[in-house]
Amino acid sequence: MKNEGKKGDENFDFDLIVIGGGPAGYTAAIHARQHSLTTALVEERELGGTCLNRGCIPTKALIDVANVLRTIRDAAKRGLDFTGADPSKFGVKMPDILKSKERMVKKMTTGIAVLLRENNVTTLSGTASLTVPKTAGEPFVVTVTKDGNSKQYKSRKVILATGSVPSELAIRGADSPKLADRIFNSDAMLDINFVPEKLIVIGGGVIGIELAQVFHEFGSKVQIVEMQSSLVNSILDTEIEDALKKSLNARGIVVRTDASIESIESTESGLRLNLTDGEKIEGTHILSAIGRKPDRRILDAIGVTETFVNVDERMRTKIPGLFAVGDINGQCMLAHAAMRMGRIAAISTGDELLGEQAGFEPELETLRRETTRYPELIAELFPFYSPIVIYGEPEVACIGLPEKLARQRFGNDIKVGHFPMAANGRAVASCSQEGFVKVVRCESNDRLIGVQIIGSYASEIINEASAVFFTATPLRQLQQALHAHPTFGEAFVEAVADSRGEAVHIPPKK
């Protein structure tokens, strides 16, 4: 098991053991091997974690099917003649869709296994338990149990990447045995082999909105019921959220916010939500999309009491040698943020074990050197000034601060630019004119403060905005960069130009 790494002490099996094989875990393990640490990864289920198996990838596979179905239904509007067929009556075969989804998931998880093997990471299959050293110099002991057999491994360092599980629906009546086959959490919803007739989605947010759109396209009558006044969260600009609600309602997805649920009860035809204001909502099935919480099994066993594990900028916990990355630290429960956390923890581990700088340079300090106007902003959001995306049609994406929060922070130094997709050549040619790009810019140093997008390919456009932020590129410089035409990405540059009153393809501001 030993190769490279720190030599000369047979009391340790590995320099590092990573517990959890999701995006945070496998990224940490691979980066640790790249820095010559002997590394093992423990996973009790499939490699890839929630993202590959019960989240990002299977959800996007279903969204893609829904988009194909929508495209077929709209094809006649663009001059395509389906002789002998009615595009509005194309059917949905859920068992076949699930098989297709599983093939995609299997391809991804198999790829992760290959990456780990090719990087010489030892993969251990089973359920992990952890014993924390009582004194300095003693090893962490990780016990891996599978099929009733257990084996112990000693490690200098441990990275916890155990992920999260769906939160339980704590509403009176939700645990009724009569409703057991009618209420699904987000994990279970990805495996149902039928299309619910009337689906009630409890909880907005990314998961609820995405799956609401999927099953609407598959033929469900869908209602979203959100307790908060905001459908998503405070990071979305009011203009973007209003446009999203309008789009969902226009397609027939009923959106209710500020809706407090008193109880759920079974009916002859399905179930009923009783709201505290007396309103009743009838449905056949419920998707509980109220969020996720850390998987606490190891945390509870080692005495970590906080809901999310507290970590510093290097992902270190209060326990020396123990790191926590991904959903369990609650900093940003997104896969791309988890990957970055895994990288930071692995490089920091290498720094500590090898007695030299293995390559970690705090991104916060880099950004502080490169920007002079908003170090406080960066400090507050560090290290995961992360893009957030809601997939579907239209897509929604954002990074940084919405206009309201930016003005609270920077006052009149804020300049705002808009550009509608209806004025973008590629969007018009693709019949994807819904939406717009909104840019929040800091006038005094010409830096990007926030970007909000609603429209086709928002998930791709936001990556350029993220690169601009992290490189602290002055936006005047961005405007000078040539962008291919026609592309959706031109809308971002035009929105930046509009913040100066220099946009070409929309009328000048009055």
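Described in the following lines is the structure provided in the data block.

The rules behind these values
- Residues numbered from 1 in each chain as written.
- Predicted model: local features only at pLDDT ≥ 70, side-chain atom pairs only at ≥ 80, totals over all residues.
- Heavy atoms only, no water.
- 1 Å grid on protein atoms, 1.4 Å probe; cavity = no way out; pocket = protein on both sides within 12 Å on 5 of 7 lines; lining within 4 Å.
- Points joined across faces, edges and corners; volume = space filled by probe spheres on them.
- Nonpolar A, V, L, I, M, F, W, Y, C, P; charged D, E, K, R; others polar.
- Phe/Tyr/Trp six-rings, centres within 6.5 Å; stacked < 30°, edge-to-face > 60°.
- Helix = DSSP H or I, 4+ residues; strand = E, 2+ residues; numbered from the N terminus.
- Buried < 20%, exposed > 50% of the residue type's maximum accessible area, 1.4 Å probe, protein only.
- Salt bridge = Lys/Arg side-chain N within 4 Å of Asp/Glu carboxyl O.

### A look at the layout of surface pockets
Phase 1: The computed volume of the second largest pocket comes to approximately 870 Å³.
Phase 2: Around the second largest pocket sit 28 residues that line it, and Arg70, Thr71, Glu393, Ser432 and Ser456 are the ones nearest its centre.
Phase 3: Classifying every residue of the lining of the second largest pocket gives seven nonpolar, nine polar and twelve charged.

### Notes on the packing of aromatic side chains
Phase 1: All chains considered together, the criterion is met by four aromatic pairs.
Phase 2: Ring centres of Phe14 and Tyr153 lie 6.2 Å apart, and the angle between their planes is 50 degrees; on these two criteria the pair is classed as tilted. With Phe14 in strand E1 (residues 14-19) and Tyr153 in strand E6 (residues 149-160), the pair connects residues that are 139 residues apart, well separated along the chain. Each member of the pair, Phe14 as well as Tyr153, is classed as buried.

### Quick notes on unusual backbone geometry
Phase 1: Here the residue pair Glu393 and Pro394 is connected by a cis peptide bond, since its omega of 5 degrees sits within 30 degrees of zero.
Phase 2: Relative to the elements of secondary structure, Pro394 occurs in the loop between strand E18 (388-390) and strand E19 (395-400).
Phase 3: One non-glycine residue with positive phi stands out, namely Asp258, at about 55 degrees.
Phase 4: Given a relative accessible area of 56%, Asp258 falls into the exposed group.
Phase 5: Even without glycine at this site, Asp446 takes up a positive phi of about 60 degrees.
Phase 6: Looking at where Asp446 falls in the secondary structure, it is placed in the loop between strand E21 (436-442) and strand E22 (447-455).
Phase 7: According to the relative accessible area criterion, Asp446 is buried, its value standing at 10%.

### Re the pattern of salt bridges
Phase 1: Overall, the coordinates contain 33 salt bridges when judged by the stated rule.
Phase 2: Where Asp191 meets Lys101, a salt bridge forms, and the shortest distance between an N and an O atom there is 2.8 Å. Note that Asp191 is positioned in the loop between helix H5 (186-189) and strand E9 (198-202) and Lys101 in helix H4 (residues 94-118), a separation of 90 residues in sequence.
Phase 3: Take Asp191: its relative accessible area is 47%, and that puts it in the partly exposed class.
Phase 4: Residue classification places Lys101 among the buried residues on the basis of a relative accessible area of 2%.
Phase 5: Across the salt bridge formed by Glu118 and Arg117, the nearest N and O atoms sit 3.9 Å from each other.
Phase 6: The exposure class assigned to Glu118 is exposed, which follows from its relative accessible area of 56%.
Phase 7: In the salt-bridge network here, residues are joined through shared partners; they are Asp237, Glu239, Glu403, Arg407 and Lys438.

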